[in-house]
Amino acid sequence: MRIIPWWRLTAVPMLAMSLLVGVSVAAPAATATHPDVRVLIDISGSMKQNDPHNLRKPALDLLVRLFPKEAKAGVWTFGENVAVLVPDKNVSEGWRAIARSKAVQITSDSLYTNIPAALERAAENIDNTYRTSFILLTDGMVDISKSEAENRAARQHLLNDILPRLRSAGVVVHSIALSKSADRELMERLAADTGGLFAVAETADQLKQVFLQAFDAAAPAEQVPLAGNHFLVDSSIEELTALVLHKESKPVELVSPDNKHHSFANHGDDFKWFQGDGFDLITVTKPYEGEWTAVAELEKGSRITIVSNLSLAASRFSESLFVDSVPAEITAALKQQGEAIKDPIFLKLVKFGATIQRREDGKQWTLDLSADNPTPADGYFHGAMNMLGEPGTYDLAINADGKTFQRSQKQTVAVRENFDVRVAATDSIPPAHSVTLFAQNPAIDSGASAVTAHIKSSDGKTVDQAIAVADREWTLTLDSAEQSGRIEVYFDIAGQNTNGEKFNYRSATVAIGQSGNQIIAPPQKQAAAAETAHEEPKPAAAPAPAHAETKKAEPAPAIAPADNKKDWHKWVLYGGLVLGNLLILGLGFFAYRVIMGGGKSKVLEETDDDNDDDIDAVKGGKDSKDRKK
């Protein structure tokens, strides 16, 4: 029998207790669908200006090396025509080799930019047993001919026919624009309607970051958090992959817990090391247990992914959300071999938390998911997500810290207003303006929604006008004769969602004048129609302070010093209880090993022979490969 030293009992999970006290084991979790990632790369002639150094090649090379083995993936190029660069198949070392060899065919010599044809070709043979995502990379707009009429018709075909089919098939489109001249409205709509990400990348660093965000959304991977340049490896980790993004400077090194320095030029057989353009990708099998250090000037996006049977199962939100329809809460649980860990003694030792940061203003929220219920019966921790009620781009990180092990899940979420107001100059002489209300949220039933425009002229008079809908858009065209001065426009919507729910909404107010166009009043928060049917729309309430939305654990009350003369007998009692519990735990652990046998994570069991070996292992002095023999 192997004895667990007392000082490890507060740091290791204690599933053995469940065998003694009758805690039930969770039913196996449903198998998650594996990712099928289809990459569509623009090779039109304009890429010579917008991607002169052909950054698409190293970006694709990075993705190819990151795809997990259980995924499917394929690559298409498009310009005037669409070509299959790499067939959509299960990822293997052979598939990776083919993909890397075909990267030389990414050029910038095609005449047009046939985005609709690229999406249609990539949408062939969708396998519903996989979670299909497209990563669309382009620098332009729909361009299939010299005829503007044909280009407009092709764009409408994409929006009216292709996009609804993609959405109904469950395909998520992550659109990346390589230029500000790209059709931003189209690219953003592709992402918003399918729950994907949209981003503009104009530099090599931006493209790499955006590609990684899209990859994380399409094929999320288990991670351990990076604290500065350090990360913790526990005994359940069979393999780690370090993606080190860095500036071109001195060579990257990894320092293992035994203080050995590993580099591209000098590493063992258990390392696979690839050097790319601005990144090193290092895979280590059976890594040493303990704290590792990456010696490099780490850039944003660096991460440590792992293969382990101890995993963090956390909420995955759609990458595209809308105010008033964001998820109410976030959930997280630890799973071992697919089963949620429910043991209350173990759960009490693990801190579950989340950090959320909004990019636009840097505001940050911290959630302590363990505060309200440190030992949930089903093993799932919950936290309110009130901060997502405002538009913005949010970076989420969900973490589990068990002292001797850590896990992390990350994702990026864009929250949009349900409606957007757009102003454009008309082709009339003299030029006038059109003001368009667009339903960004595809869940809005535009045909069943009535819109009234309110136009306030420079003399203070207001005119109301009902607006007809066309393809989720309500457009008000202002007569040039009416534009002698500043004009203010806003819209009232008596709307309905596709599920039949009715609502009232007032859009942002836009001012149009010689000094330019600007939003002068924010939109009113959407309200249920039943609550406002007999009331005039009211101004939106000021958002609550960020700190008021963040649930934080109350500080623990201070413990008064004990009176030695009066309470010495309590310490005797406590000591007896501790010794008794230690004995029970030791017997429980023995029973657990006898009943369960092998195959469980070593984070949940002890393998050292004596206290000295345990101390050495914690300090990183033993090779995890030796311990596993």
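Criteria and thresholds
Residues numbered from 1 in each chain as written. Predicted model: local features only at pLDDT ≥ 70, side-chain atom pairs only at ≥ 80, totals over all residues. Heavy atoms only, no water. Helix = DSSP H or I, 4+ residues; strand = E, 2+ residues; numbered from the N terminus. Polar contact = N/O pair within 3.5 Å; in protein donor to acceptor, adjacent residues only side chain to side chain. Contact = heavy atoms within 4.5 Å. pLDDT = per-residue confidence, 0-100. Axes fitted to C-alpha atoms, helices over the stretch in contact; angles between N-to-C directions. Parallel < 35°, antiparallel > 145°, perpendicular 65-115°, else oblique. Left-handed = near helix turned anticlockwise from the far one by under 90°. Buried < 20%, exposed > 50% of the residue type's maximum accessible area, 1.4 Å probe, protein only. Pairing = 2+ DSSP bridges. Phe/Tyr/Trp six-rings, centres within 6.5 Å; stacked < 30°, edge-to-face > 60°. Lys NZ or Arg CZ within 6 Å of the ring centre and 35° of its normal. Expected span 1.5 Å × (residues − 1). Bend = angle between axes of the 7 residues up to and from the residue.

(A) Broad picture of the side chain of Arg472. Mapped onto the elements, Arg472 comes out in the loop between β29 (469-470) and β30 (473-478). A distance of 2.7 Å separates a polar atom in the side chain of Arg472 from a polar atom in the side chain of Asp193. Apart from the residues lying within four places of it in its own chain, the contact partners of Arg472 are Arg189, Asp193, Leu437, Phe438, Ala439, Gln440, Asn441, Pro442 and Ser446.

(B) Fine view of the confidence of the model for the protein. On average, residues of the protein carry a pLDDT of 80, and 76% of them reach 70 or more. Low pLDDT, under 50, characterises residues 1-32; the predicted model gives this stretch 69 contacts beyond four residues in sequence or across chains. With pLDDT under 50 throughout, residues 531-629 is counted as low confidence; its partners more than four residues away or in other chains account for 128 contacts.

(C) Region of the structure containing the packing of helix α3 (residues 56-66) against helix α8 (residues 204-218). Their axes nearest at 10 Å, the elements α3 and α8 cross at an angle of 30°. The angle between α3 and α8 places the two elements in the roughly parallel class. As α3 runs across α8, the sense of the crossing is right-handed. Residues Arg56, Ala59, Leu60, Leu62, Leu63 and Leu66 of α3 touch α8, and the partners they reach there are Leu207, Lys208, Phe211, Leu212 and Phe215.

(D) Spatial organisation of the pairing of strand β33 (residues 509-513). Within β33, 4 of the 5 residues are buried, leaving the element largely enclosed by the surrounding structure. Looking at chain direction, strand β31 (residues 487-496) and β33 are connected through 3 bridges and run antiparallel. By the bridge assignment for β33, Ile487 is matched with Ile512.

(E) Geometry of the environment of Leu437. Note on placement: Leu437 falls in strand β26 (residues 433-439). The exposure class of Leu437 is buried, given its relative accessible area of 0%. A C-alpha to C-alpha distance of 9.0 Å links Leu437 and Tyr490, two positions 53 residues apart in sequence. Contact partners of Leu437, with chain neighbours within four places excluded, come to Phe419, Asp420, Val421, Val451, Arg472, Glu473, Trp474, Phe491, Ile493 and Ser507.

(F) How the structure looks around the packing of aromatic side chains. Within this structure, the stated rule accounts for 12 aromatic pairs. Where Phe271 meets Trp273, the ring centres are 6.4 Å apart and the plane angle is 20°; that geometry is what we call stacked. Taken together, the ring pairs in this structure connect Phe231, Phe271, Trp273 and Trp292 into an aromatic cluster. The cationic tip of Arg65 hangs over the ring face of Phe274; the distance from NZ or CZ to the ring centre is 3.3 Å.

(G) Summary view of helix α6 (residues 148-168). Between the first and last C-alpha of α6 there are 29 Å, a value that for 21 residues agrees with the 30 Å anticipated at 1.5 Å per step. Maximum bend of α6: about 35°, positioned at Ile162, with proline Pro164 one to four residues after it. Within α6 the residues assigned to the buried category are Asn151, Ala154, Leu158, Leu159, Ile162, Leu163 and Leu166. Buried residues belonging to α6 abut α5 (115-122), β4 (130-138), β5 (172-177) and α7 (184-194). Directly beyond the C-terminal end of α6, a positive phi value near 80° is found at Gly170.

(H) Region of interest: α8. Across its 15 residues, α8 extends 21 Å between first and last C-alpha, which sits within 8% of the 21 Å expected from 1.5 Å per residue. With 12 of its 15 residues buried, α8 lies for the most part within the structure. Within the sequence span of α8, burial applies to Leu207, Lys208, Gln209, Val210, Phe211, Leu212, Gln213, Ala214, Phe215, Asp216, Ala217 and Ala218. N-cap assignment for α8: the residue whose side-chain oxygen lies 3.1 Å from the backbone N of Gln206 is Thr203.

(I) Expanded view of the sheet that holds strand β11 (residues 261-263). Here we have 4 strands laid out as an open sheet, ordered β8-β14-β10-β11, and antiparallel in their pairing. The sheet terminates laterally at β8 (230-233) and β11, the two strands that pair on one side only. On average, each strand axis in the sheet is tilted by 25° relative to the strand beside it, whichever way the strands run. Across 3 bridges, strand β10 (residues 253-255) lies against β11 in antiparallel orientation. Considered in β11, the bridge of Val255 is made with His261.

(J) Spotlight on the sheet that holds β30. The antiparallel open sheet is built from 4 strands, whose spatial order is β25-β26-β30-β29. Single-partner strands in this sheet number two, and they are β25 (419-425) and β29. The pairing of β29 with β30 spans 2 bridges and is classified as antiparallel. Paired with Val469 across the strands is Trp474, a residue of β30.

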